[in-house]
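Structure at a glance
Here is how the chains run, residue by residue.
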Amino acid sequence: MNIVIIGGGPAGSEAAYRLAGEGYTVDLVEKENSIGGNLNNWYQLFPDRKPASEVVQGLQQHLNHPGITLHIDTEAIGITESAPGKFSVKLSNNTVLHSAAVLLATGYKLFDAGRKEEYGYGIYKRVITSAELENLFTNHSLATVYGDTPQRIGFIHCVGSRDEKICNYHCSKLCCITAIKQAIEVREMLPEAEIFCFYMDMRMFGPGYEELYREAQEQHNIKFIRGRLSEAAENINGQVVIKVEDTLVGKPLRMSLDLMVLMVGMEAAAGSGTLAGSVQIPLYPNGFIRPADPHTGTNLTARPGIFTAGSCTSPMNLTDTLTDARSAAWQIKKWLTGPDKQ
Amino acid sequence: MYYDPFVLPFTIGLTALLLFLIIKYIRWIRTFRKSERRKIRKGIFSLKTLRSIGEIFSECLLHRKIYRTNPFLGYMHTCFGLGWFLLIVAGKTESMVYHTSAVNPPYFAIFFRFFHPAKETFPYSNTFAFITDLLLLFILSGLFLALAKRLWSRIVGMRKTTKHRPLDLLILTTLWLIFPLRFLAESFTSGLRGGGSFLTNNAGEFFARFLPLEQLTYPAWWAYSGVLGLFFILLPFSRYMHIPTEIVYIFLKNWGIKQGTKFNAFSEIQMYACSRCGICIDSCQLNSSLGMDTQPVYFLKKIRHQKEYGHLIENCLLCGRCEASCPVGLTHNALRLAKRPDLSRITKNTYSYAKNAAAPAKMAYFAGCMGQLTPAVTRSMEQLFKQAGVSYTFIDKEGGVCCGRPMLLAGNREEAAVMAEKNRAILKASGAEVLVTSCPICLKMFREEYGLQIRIVHHTEYIDELIREGKLKTVPSEQRTVFHNPCELGRGSGIYQAPENILKSISRKIDTAFDGKKSLCCGGSLANTSIDGKQRNRIAGDAAKAYAAYKPDVLVTACPLCKKTFATASDIPVKDIAEVVAERCRP
């Protein structure tokens, strides 16, 4: 029996590999020209600093399985159910894939920082996103566009998350620990620099995260200031001047930075909405796909035969994404071998 | 002397109504302040009174403004307003010609066909009969449209029509019965004893064939008089109070009475002048995007009938779209504001940290809070100032104090005054003769509440001047632009031409159905503290979609708050007019 998986990020790739191992044939559809999804933009992973490329390579090797057909540079446009349990997935190259089950692994997209114009992204050249900082790490250089090495660096948490003004009420959950990881990486490259994190709350939910937070303060001299950035300006030297309220001290604070890193949050990928919409699967108000039940029905959707894996249902780290993908593979197998299928 | 007991209901009703109105209006006007009463005394014997009479003719009778909403709706109102008025005038003239006397009781003209049914000729009697029949037909055609509107409001161009109280529906029925009953009474009389013209005469002959007109005619006149009397008695308690009150409102308005910051007798006059036509419902985006019944028609109705209206006070964007579409010309923004209580908390000390200083220059630039949150806009303005070679002082570059308008819109006038005082001191220190603002919200505040003796312009006006004076050299482009005129800029401050000039000179500006006064609100308005971010986003999304339908390359606005609101809701890029000009400027 055939299964179509939409999205070739970690969730889709992992699920494809597990299902192929169970003897199913799998069509894996990926809109970019390589698999790995957002992971391709990352240099090292938290909390153990494993190179992201190693994980991607591992996933890639697994996809060499003969049961998996990879469709790269191809977008899934819509799903139709011709009869119960018989799905057709239309692709951007006009081919149609038929399957007994569909797995949505459409993932997330990073928040477009330009929407918070007051932070000056796209206007001030010393303002970059966390994803762009990973790229600097990959190139082993933190030189700014002006060619200088930054002496004072600020990480701005919750950009595009927990922000009523841009209608993103949810917490993206990973940005806190990512900022800590990135701050430590910056510290290792620039031992003399001043490094600040401006946060609302530090949400250290995973194993080793809280420990890394402590380490950042005790061993790496990274300063954490509780307060949300209100606005940023540029001074004559081209530095970013930020206005923040230090809410622990209760005082407004002004500071000039050589490099400002925006910890951009996660939003539902555009594809999630269109695909879920094509089979009337409900979304959460923030655009992520709503599972059949938030406790006992994860991986399942309102429509039997269509499953989800990874961060298309909510912000999720890599560990949870891979776990979720294996869980989805098991749910799909259970559905395909269920009493009504035999 | 012509008399019959059936005229009593009409006569009693009319007398009671007139007495009530005179007492009511005198009591209202007596509570006016001295300065306002002086305005009235000065206004009565001036051209303003003539202008008022003109306006009464065009708005109370012709209902000219309603034609802008929909021709059928306009025609329907013209039928009732102008039709009824002319019918009274024609009837009265006819009675005077017949009676050869100016004084005869009002009922004589109204029931002329009863007292004078036969084909007794007097000068122009046939002409009069023809005219009154024609007018009756005219009104009946309007009545037909009104019935259709109740059943299916879209044929007169209204997506939604007002939900009325049972009493209002009763009096609506009474009003609707007046003209059919007049038609029946006159037709029956004609059928029995001749007279009338093409309508009542033919109808009378028709009815005579199968109806016992001998028995029906007299009761029909009783019914006609009764319904008229009932209408007059009910009028003060119903929405039809708008008929006489609108006339009073037009006079007072033209004599210079303005809605102040308090909800006073003049506010009540406005409230009673609301006809509850419901045109404001369709114009309100809180209805079209969120399905909320918070429009002036419901707000004023609830206040008038002592229903709970507290939740409606804050639920208004003060975008002014209802005001622009209101056929009575009521000042809805000021009315809503007058109900917002002053809950000021901050004092002068709150801003002691801000310096009363600014670098001196002939022109001061004020970005405002929202301007500070849109660095692309302030940056473009600074670039344009430099390119035009004008010297300026950016008075809130290093931080400043809010213009105060958000507080004023929330009702907190005292707080707004504290902020205005602070900003006045900063402006004075700069010695500027011209103030340029990037935010139309600040612009309106500086112009209307600061009492400044210097020139205050929005950056659209300033850029337009720089281009026309040749100080800015722009390069035209093929970019398709649509202009969203911010509420506080267009409807709020009357600035329509400057953005038009600018965009036409540098891009291919596309005209839309939402140009000028019909501009949509972005939903980000500071004036509404009742709706949440998601609801705002829905309004913004709907507005952005409406503009995007014209397929522009860029949606241009001229307000930093609108820009930010659209940024989250629009699929097409949104830019401030200053950015678009900066991109098209030769250095």
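This one's a predicted model, so the numbers in the text were calculated from it and none came from an experiment.

**Concerning the overall build of chain A**
Tallying secondary structure elements over chain A gives 7 helices and 18 strands in all. Relative to a compact globule of 342 residues, whose C-alpha radius of gyration would be 20 Å, chain A shows 22 Å and is just as compact. Dimensions of chain A, computed from C-alpha atoms along their principal axes, come out at roughly 70 × 35 × 35 Å. For chain A, buried positions account for 55% of its 342 residues. In chain A, the share of contacts with a sequence separation of at least 24, taken over all contacts with a separation of at least 6, comes to 65%. Counting every atom, chain A has about 14800 Å² of accessible surface; 51% of that belongs to carbon and sulfur. If you average the places of the 31 positive and of the 37 negative side-chain charges in chain A, the two averages end up 4 Å apart.

**Remarks on the sheet that holds strand 6 (residues 508–509) of chain B**
Residue and element names in this part refer to chain B. Strand order in the open sheet made by the 4 strands is 6-5-7-8, with parallel pairing throughout. The open sheet has two free edges, formed respectively by strand 6 and strand 8 (574–576), since each of these has just one partner strand. Note: strand 7 (residues 554–557) against strand 8, 3 bridges, orientation parallel. Its bridge partner lying in strand 8, Leu555 is registered against Val574.

**A word on a positive patch on the surface**
All names here are of chain B. A grouping of Lys34, Arg38, Lys39, Arg41, Lys42, Lys48, Arg51 and Lys258 is seen on the molecular surface, where their side chains present a positively charged patch. Secondary structure elements with two or more residues in the positive patch: helix 2 (34–44) and helix 3 (47–61). Of all the elements, helix 2 adds the most residues to the positive patch, at 5 residues. With respect to the secondary-structure elements, Arg51 resides in helix 3.

**As for helix 28 (residues 560–569) of chain B**
Here helix 28 of chain B lies mainly inside the structure; 9 of its 10 residues are buried. Listing the buried residues of helix 28 of chain B in full gives Pro560(B), Leu561(B), Cys562(B), Lys563(B), Lys564(B), Thr565(B), Phe566(B), Thr568(B) and Ala569(B).

**Considering the packing of aromatic side chains**
Residues and elements named next belong to chain B. The final tally for this structure, using the stated rule, is 56 aromatic pairs over all chains. When the ring of Phe32 is compared with that of Phe266, the centres are 6.3 Å apart and the planes differ by 85 degrees; the resulting orientation is edge-to-face. With a gap of 234 residues between them, Phe32 in the loop between helix 1 (8–30) and helix 2 and Phe266 in helix 13 (residues 265–273) connect regions that are remote in the sequence. Overall, the relative accessible area of 5% leaves Phe32 in the buried class. Phe266 sits in the buried class, given a relative accessible area of 3%. Stacked on the ring of Phe263, the Lys or Arg Lys339 has its end atom at 4.3 Å from the ring centre.

**Points about the domain arrangement of chain A**
Residue and element names in this part refer to chain A. Assigned domains of chain A: these are domain 1 (2–107 + 269–341) and domain 2 (113–266). Taking only C-alpha atoms, the centre of domain 1 and the centre of domain 2 are 32 Å apart. Tallying the contact residues gives 15 residues for domain 1 and 23 residues for domain 2. Both faces combined, the contact of domain 1 with domain 2 buries some 1600 Å², and carbon together with sulfur accounts for 63% of it. Put simply, domain 1 and domain 2 have 1 salt bridge between them. Among the ionic pairs, Arg49 bridges to Glu188, the shortest N-O distance being 2.6 Å. Inspection of the domain 1/domain 2 interface yields 7 residue pairs in polar contact (both at pLDDT 80 or more). Looking at side-chain class alone, the side of domain 1 that touches domain 2 contains 8 nonpolar, 5 polar and 2 charged residues.

**Concerning empty space enclosed by the protein**
Residues and elements named next belong to chain B. Going through the model one piece at a time under the given rule, you end up with 4 cavities of 30 Å³ or more. The volume enclosed by the largest cavity comes to roughly 110 Å³. Contributing elements (two or more residues each) for the lining of the largest cavity: helix 15 (285–288), helix 18 (321–325) and helix 19 (332–338). Tallied by class, residues from the lining of the largest cavity come to 8 nonpolar, 6 polar and 2 charged. In this structure, the second largest cavity occupies an estimated 90 Å³ of space. In this structure, the second largest cavity is lined by 14 residues; those nearest its centre are Cys274, Cys277, Cys280, Cys326 and His332. Listed by contribution, the elements that provide at least two residues to the lining of the second largest cavity are helix 14 (279–283) and helix 16 (296–304). Tallied by class, residues from the lining of the second largest cavity come to 10 nonpolar, 3 polar and 1 charged.

Definitions and limits used
Throughout this document, residue positions are counted from 1 along each chain, in the order its sequence is written. Just so you know, chain letters begin at A and ligand numbers begin at 1, following the order they were written in. Two thresholds apply to this predicted model, a pLDDT of at least 70 for residue-level local features and 80 or more for giving and counting side-chain atom pairs, whereas whole-chain, interface and lining totals are computed over all residues. No hydrogens and no water enter the side-chain calculation; it runs on all heavy atoms of the structure. Helix numbers and strand numbers start at the N terminus; a helix is a DSSP run of H or I with at least 4 residues, a strand a run of E with at least 2. All radius of gyration figures rest on C-alpha atoms, and the globule criterion is 2.2 Å times the number of residues raised to 0.38. The classification of residues rests on relative accessible area computed with a 1.4 Å probe and restricted to protein chains. Under 20% of the type maximum is buried, over 50% is exposed, and intermediate values are partly exposed. Residue contacts are counted whenever heavy atoms from the two residues lie within 4.5 Å of one another. In short, Shrake-Rupley with a 1.4 Å probe defines the accessible areas, and a residue's cover is counted only from the protein chains shown. Only four residue types enter the charge count: Lys and Arg as positive, Asp and Glu as negative, with His and the chain ends excluded. All charge positions are set by atom: Lys at NZ, Arg at CZ, Asp at CG, Glu at CD. In this analysis, strands are considered paired if DSSP registers two or more bridges between them. A patch consists of residues exposed above 30% relative accessible area that lack any salt bridge, with like charges linked at up to 9 Å and nonpolar side chains (Val, Leu, Ile, Met, Phe, Trp, Tyr) linked at up to 5 Å. Throughout this description, the term salt bridge denotes a Lys or Arg side-chain nitrogen within 4 Å of a carboxyl oxygen of Asp or Glu. The pairing test for Phe, Tyr and Trp rings, Trp by its six-membered ring, is centres within 6.5 Å, and the orientation test on the planes gives stacked under 30 degrees, edge-to-face over 60, and tilted for anything in between. Each ring is checked for a lysine NZ or an arginine CZ that lies within 6 Å of its centre and within 35 degrees of its normal; such an atom marks a charge sitting over the ring. Domain extents, as shown, originate in an automatic or database domain assignment. By convention, the term buried area covers the 1.4 Å-probe accessible surface removed from two parts as they join, with the contributions of both added. Contacts described as polar in this section are N or O atom pairs within 3.5 Å, which, within protein, must combine one atom able to donate a hydrogen with one able to accept it, while residues neighboring in sequence count only if both atoms come from side chains. Basically, the charged four are Asp, Glu, Lys and Arg, the nonpolar ten are Ala, Val, Leu, Ile, Met, Phe, Trp, Tyr, Cys and Pro, and anything else, Gly included, counts as polar. A 1.4 Å probe that fits into a set of points on a 1 Å grid over the protein atoms alone but cannot get out defines a cavity; an open set with protein on both sides within 12 Å along at least five of seven lines defines a pocket, and lining residues are those with an atom within 4 Å of a point. Grid points are joined across faces, edges and corners, and a volume is the space filled by probe spheres set on the points.

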